Amino acid sequence: MDLRELYQDLIVDHNKRPRNFGKLDDTTYFAEGFNPLCGDQITVYLYVDDEQVTKVQFEGEGCAISTASASMMTEILTGKTIAEADALFGLFHRVLIGEKELDDETTDQLGKLAVLTGVRAYPSRVKCATLAWHTCQGALHKKQDAISTE
Amino acid sequence: MTSAVVSSVAVNAGEVTAWRADFPILQTQVHGKPLVYLDNGATTQKPQVVIDTVSRYYQSTNSNIHRGVHHLSEVATVDYENARATIRRFIGAASDKEVILTSGTTESINLVANSWGLDNLKTGDEVLVTEMEHHSNIVPWQMVTQRTGAALKVIPINDAGEISLEDVRELLTERTKFVAISHLSNALGTINPVKEVIELAHRAGALVLVDGAQAIAHTPVEVAELDCDFYAFSGHKIFGPTGIGVLYGKQALLEAMPPWQGGGDMIRIVRFDGSQWNDLPYKFEAGTPNIAGAIGLGAALDYVTAIGIDKIAAHETVLLDYAQQQLATIPGLTPIGTAKHKASIASFVVKHVHAHDLGTILDSEGIAIRAGHHCAMPVMEHFGVAATARASFAFYNTLEEVDQLILGLNKAVEMFG
Ligand SMILES: Cc1ncc(COP(=O)(O)O)c(C=O)c1O
């Protein structure tokens, strides 16, 4: 079991210096997400202009995997359309839960996110990697209830 | 740091080695490394004698109890009732009638909340719990106070994770009808002054339930001496099977309480115009119980008695003292729970390393700890953390295992530092 597969440098770096961290005051959508298993909690803020995500920020507290995933998400989703964001989350999620194989094409499509696929070997940690994404989906599609990974 | 146990029964390394040999799972390798099991607060491992007792029951005496005239049923009934007597002796109860077998601490507490609580609480009454309770000693009281119109009041903790008897005195009024308090906190390791609390509560006219889920395997428990009204614990936290637990209750109280669940075994006569309840303890044991679990728990308690709970406590005090001393050397580590009276549990947070990541990194070294809120979210809130890492010890743990834990933690700090 190689921990470096899970905690790749990019993850450690995003955990140490999360990008786009903090409350976004001028926001079109935001949602709060919660992982009842561990108490991790995150808020994702989005500014969407004509179906296009122009700004994403987050705040909250979580483990290295969930913080890095949130931080990377804010970078990756900036500039994407809502449809593109949905598609990327769908792919990422299917890979993490083992529904989709991580072949070269998929790795390509995931881009930077591919560093998070190490969690596939740690089933209890998959929810950490998807918390920010679930929360973002909830914000974009205006789910009313608090977002939960359960 | 002192333990609640005054006796200092010396334990030598050879004895610990012999105890370890009784637990087959301790030979397991995890990720190619020897298992270092420090999650005893969640559940304890089982000695061979418990495993054998349970499997012998299924192999040679499996049968339903209290209802067969045939040989196997008679044997199983005797074994089941002998287990009850073993439990009675272990906790120092006066009679087998005071020992109700349940599925665990959670069910034991729910039984009291529903049977005693619904029958006795009303608007204007108050139930006291402490801020350090496990969710299973909060939520049933929330549910029953909501239904009855009674109020739930909280005995606060200080930053060491202790309650003060001053606060208890102040909160106890003529409105207080019930106090529910843990003997040993699963999130903090605090040993509560339950004897003093019980005395104060009784003087105020309130009953007391002690949640002994954690205490039972780490400190001597004598219910008669404590004078508690109810004492709840789970078999799986004292080297017995899961799905079996105990509710001790004073006989007079149990006699006056209505049954909680209805079904077979808990009745004497059933007629459509009204049924008659069975005697204690059966009134509270509806349906076919966990027979294998009860017999297994009896074997576990016999095993603990043979070693000696004083000896166990003495060894664990050495372990915990050493662990806390060594943990203090980890850069950025803050202990959560620094009560003067503690046992078996070291909870902590490490700057820049989330408890989950600590858990995963330690796991890769074969070390099992718990990371999370430990079903004690109010405690997490008190200390302003989302989660803690918790190493919890049993008598089969060694100083070398503490060293392994410290090595693993240093590795985690290095990785994220
Ligand atoms: C202090 C305390 N109370 C109650 C419980 C609940 O025990 P069980 O889940 O076995 O019913 C636990 C278990 O973690 C505990 O530590």
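Analysis parameters
- Note that residues are indexed from 1 along each chain, following the sequence as it is written.
- Whichever chain is written first is A, and whichever ligand is written first is 1; the rest continue in order.
- The predicted origin of the model limits local features to residues at a pLDDT of at least 70 and limits the giving and counting of side-chain atom pairs to 80 or more, whereas totals for whole chains, interfaces and linings rest on all residues.
- Side-chain metrics in this entry use all non-hydrogen atoms of the structure; hydrogen atoms and water are not considered.
- Elements are defined by DSSP. Helices are runs of H or I of four residues or more, strands are runs of E of two residues or more, and each kind is numbered from the N terminus.
- What the globule rule says is 2.2 Å times the number of residues to the power 0.38, and the radius of gyration is computed from C-alpha atoms.
- Contacts were defined at the residue level, with two residues in contact if any of their heavy atoms lie within 4.5 Å.
- For the area figures, the Shrake-Rupley method with a 1.4 Å probe applies, and any residue is considered shielded solely by the protein chains shown.
- We treat Lys and Arg as the positive residues and Asp and Glu as the negative residues; His and chain ends play no part in the count.
- To locate a charge, take NZ of a lysine, CZ of an arginine, CG of an aspartate or CD of a glutamate.
- What makes a nonpolar core is a set of buried Ala, Val, Leu, Ile, Met, Phe, Trp, Tyr and Cys residues whose side-chain atoms join them at distances within 4.5 Å.
- Burial status follows relative accessibility: with a 1.4 Å probe on protein chains alone, a residue under 20% of its type maximum counts as buried, one over 50% as exposed, and anything between as partly exposed.
- Domain boundaries shown here were taken from an automatic or database domain assignment.
- Any residue with relative accessible area above 30% and no salt bridge may belong to a patch, with like charges joined within 9 Å and the nonpolar Val, Leu, Ile, Met, Phe, Trp and Tyr side chains within 5 Å.
- Within this document, salt bridges are pairs made up of a side-chain nitrogen of Lys or Arg and a carboxyl oxygen of Asp or Glu, the two lying within 4 Å of each other.
- A pair of strands is treated as paired once DSSP finds two or more bridges between them.
- Angles shown run from 0 to 180 degrees and are taken between the N-to-C directions of axes, each axis being a line fitted to C-alpha atoms and, for helices, limited to the stretch in contact.
- Summed over both partners, the accessible surface that disappears when two parts come together, traced with a 1.4 Å probe, is what is meant by buried area.
- We define a polar contact as two N or O atoms separated by no more than 3.5 Å, with the added condition that, inside protein, one atom must be a possible hydrogen donor and the other a possible acceptor, whereas residues neighbouring each other in sequence contribute only through side-chain atom pairs.
- All amino acids are sorted into three groups, where Ala, Val, Leu, Ile, Met, Phe, Trp, Tyr, Cys and Pro are nonpolar, Asp, Glu, Lys and Arg are charged, and the leftover types, Gly among them, are polar.
- We define proximity as follows: a residue is near a molecule or strand when any one of its heavy atoms falls within 4 Å of that partner.
- The criterion for an aromatic pair is that two Phe, Tyr or Trp rings (for Trp, the six-membered ring) have centres within 6.5 Å, with stacked assigned to planes under 30 degrees apart, edge-to-face to planes over 60 apart and tilted to the rest.
- Two cysteine sulfurs form a disulfide in these notes if their separation is within 2.5 Å.

Caption draft 1: Focus on the overall build of chain A. Helix and strand content of chain A: six helices and four strands. Order of helices (α) and strands (β) in chain A, N terminus to C terminus: α-α-β-β-β-α-α-α-α-β. By the compact-globule yardstick of 15 Å for 150 residues, chain A fits well, its C-alpha radius of gyration being 14 Å. Projected onto the principal axes, the alpha-carbon positions of chain A cover approximately 45 × 35 × 30 Å. Considering only intrachain contacts with a sequence separation of at least 6, the fraction spanning at least 24 residues in chain A is 60%. Surface exposure of chain A reaches about 7000 Å², of which carbon and sulfur atoms provide 46%. Computed over 15 positive and 24 negative side-chain charges, the separation of the two mean positions in chain A equals 3 Å.

Caption draft 2: Inspection of the nonpolar core at higher detail. Ranked by size, the top nonpolar core spans 78 residues in total, and within it Tyr231(B), Ile238(B), Phe239(B) and Phe395(B) carry the most contacts. Here this core gets 11 residues from one element, more than from any other, and that element is helix α10 (residues 291-307) of chain B. If you count residues domain by domain, this core takes at least three from each of domain 1 (13-42 + 308-416) and domain 2 (51-305) of chain B. Ignoring any residue separated from it by four or fewer positions in sequence, one finds Phe239(B) in contact with Phe23(B), Thr44(B), Gln45(B), Lys46(B), Pro47(B), Val50(B), Ala217(B), Ala300(B), Val304(B), Ala394(B), Phe395(B) and Tyr396(B). Core analysis: the next-biggest nonpolar cluster, separate from the first, contains 77 residues, Cys63(A), Leu113(A), Val115(A) and Leu320(B) among them.

Caption draft 3: Seen up close, a negative patch on the surface. On the surface, a cluster of negative charge is contributed by Glu101(A), Asp103(A), Asp104(A), Glu105(A) and Asp108(A). Tracing the sequence through the fold places Asp108(A) in helix α5 (residues 104-110).

Caption draft 4: Seen up close, the sheet that holds strand β14 (residues 345-350) of chain B. Residue and element names in this part refer to chain B. If you walk across this open sheet you meet the four strands as β13-β14-β17-β16, and the pairing is antiparallel. The open sheet terminates on both sides in strands that have one partner only, identified here as β13 (333-335) and β16 (370-372). Pairs of neighbouring strands in the sheet enclose a mean axial angle of 30°, with direction left out of account. Relative to β14, β13 is paired through three bridges, and the arrangement is antiparallel. Looking at the pairing, Thr 334 lines up with Val 349 of β14. The strands touched by helix α11 (residues 309-327) within the sheet are β13 and β14, with β14 carrying the most contacts at an inclination of about 10°.

Caption draft 5: Looking closely at the interface of chain B and chain A. Of the residues lining the interface, 17 residues belong to chain B; the matching set on chain A comes to 22 residues. Summed over both partners, the interface of chain B with chain A comes to about 1600 Å²; 63% of that surface belongs to carbon and sulfur atoms. When residues of chain B are sorted by the area they lose upon contact with chain A, His356(B), Met415(B) and Phe416(B) head the list and together hold 34% of the total. The interface formed by chain B and chain A holds one salt bridge in total. As a salt-bridge pair, Arg125(A) and Asp357(B) come within 2.8 Å of each other at their nearest N and O atoms. If you look at where chain B meets chain A, you find six residue pairs in polar contact (both at pLDDT 80 or more). Elements with a minimum of two residues in the side of chain B that touches chain A: α12 (355-363) and α14 (399-416) of chain B. With five residues, the single largest contributor to the side of chain B that touches chain A is α12(B). Each residue belonging to the side of chain B that touches chain A can be placed in one class, and the counts come to six nonpolar, eight polar and three charged.

Caption draft 6: Structural view of the domain arrangement of chain B. Residue and element names in this part refer to chain B. Along its sequence, chain B is carved into domain 1 (13-42 + 308-416) and domain 2 (51-305). With centres defined by C-alpha atoms, the gap from domain 1 to domain 2 works out at 28 Å. With 38 residues of domain 1 at the contact, the number on the domain 2 side is 33 residues. Buried surface at the junction of domain 1 and domain 2, both sides included, amounts to about 2700 Å², of which 58% is carbon and sulfur. Considering only the side of domain 1, the residues that lose the most area to domain 2 are Ile 309, Cys 375 and His 382, jointly responsible for 20% of the buried surface there. The tally of links from domain 1 across to domain 2 stands at one salt bridge.

Caption draft 7: Examining the site of the ligand more closely. Residue and element names in this part refer to chain B. Surveying the vicinity of the ligand reveals the residues Thr 105, Thr 106, His 134, Ser 136, Asn 186, Asp 211, Ala 213, Gln 214, Ser 234, His 236 and Lys 237. With respect to the ligand, the backbone of Thr 105 contributes an N or O atom lying 3.5 Å from an oxygen atom. Contact between the ligand and His 236: an oxygen atom at 2.7 Å from a side-chain N or O atom of the residue. For the ligand, whose free accessible area comes to 400 Å², the fraction covered by protein is 85%. Grouping the amino acids of the shell around the ligand by side-chain chemistry returns one nonpolar, eight polar and two charged.

Caption draft 8: Layout of the pattern of salt bridges. Going through the model one piece at a time under the given rule, you end up with 25 salt bridges over all chains. Of the charged contacts, one joins Arg84(B) and Glu285(B) as a salt bridge, the two residues approaching to 2.7 Å between their closest N and O atoms. In this pair, Arg84(B) sits in helix α3 (residues 71-91) while Glu285(B) sits in the loop between β12 (276-277) and α10, placing the two residues 201 residues apart along the sequence. You'll find Arg84(B) and Glu285(B) in the same group, each marked buried. Residues Arg175(B) and Glu126(B) are paired through a salt bridge, measuring 2.9 Å at the closest nitrogen-oxygen approach. A residue pair is termed long-range when its members are at least 10 positions apart, and Arg175(B) in the loop between α6 (165-171) and β7 (176-182) and Glu126(B) in strand β5 (residues 126-130) qualify at 49 residues. Look at the salt bridges and you will find they share partners, linking Asp13(A), Arg17(A), Arg19(A), Glu75(A) and Lys112(A) into a network.

Caption draft 9: Spatial organisation of the packing of aromatic side chains. Within the structure shown, the criterion is met by 18 aromatic pairs over all chains. Measuring from centroid to centroid gives 5.0 Å for Tyr7(A) and Phe416(B), while their planes differ by 80°, and the two rings are edge-to-face. Of this pair, Tyr7(A) sits in the loop between α1 (3-6) and α2 (9-16) while Phe416(B) sits in helix α14, on two different chains. The pair formed by Tyr7(A) and Phe416(B) is uniform in burial state, with each residue classed as buried. Among the aromatic side chains, those forming a connected cluster through ring pairs are Trp19(B), Phe23(B), Phe239(B), Tyr303(B), Phe395(B) and Tyr396(B).

Caption draft 10: Representation of the state of the cysteines in the model. Residue and element names in this part refer to chain A. Summed over all chains, the structure comprises zero disulfides over all chains. There is no disulfide at Cys 136, and the cysteine sulfur nearest it, in Cys 128, is 18 Å away. Residue Cys 136 is classed as buried on the basis of its relative accessible area of 2%.

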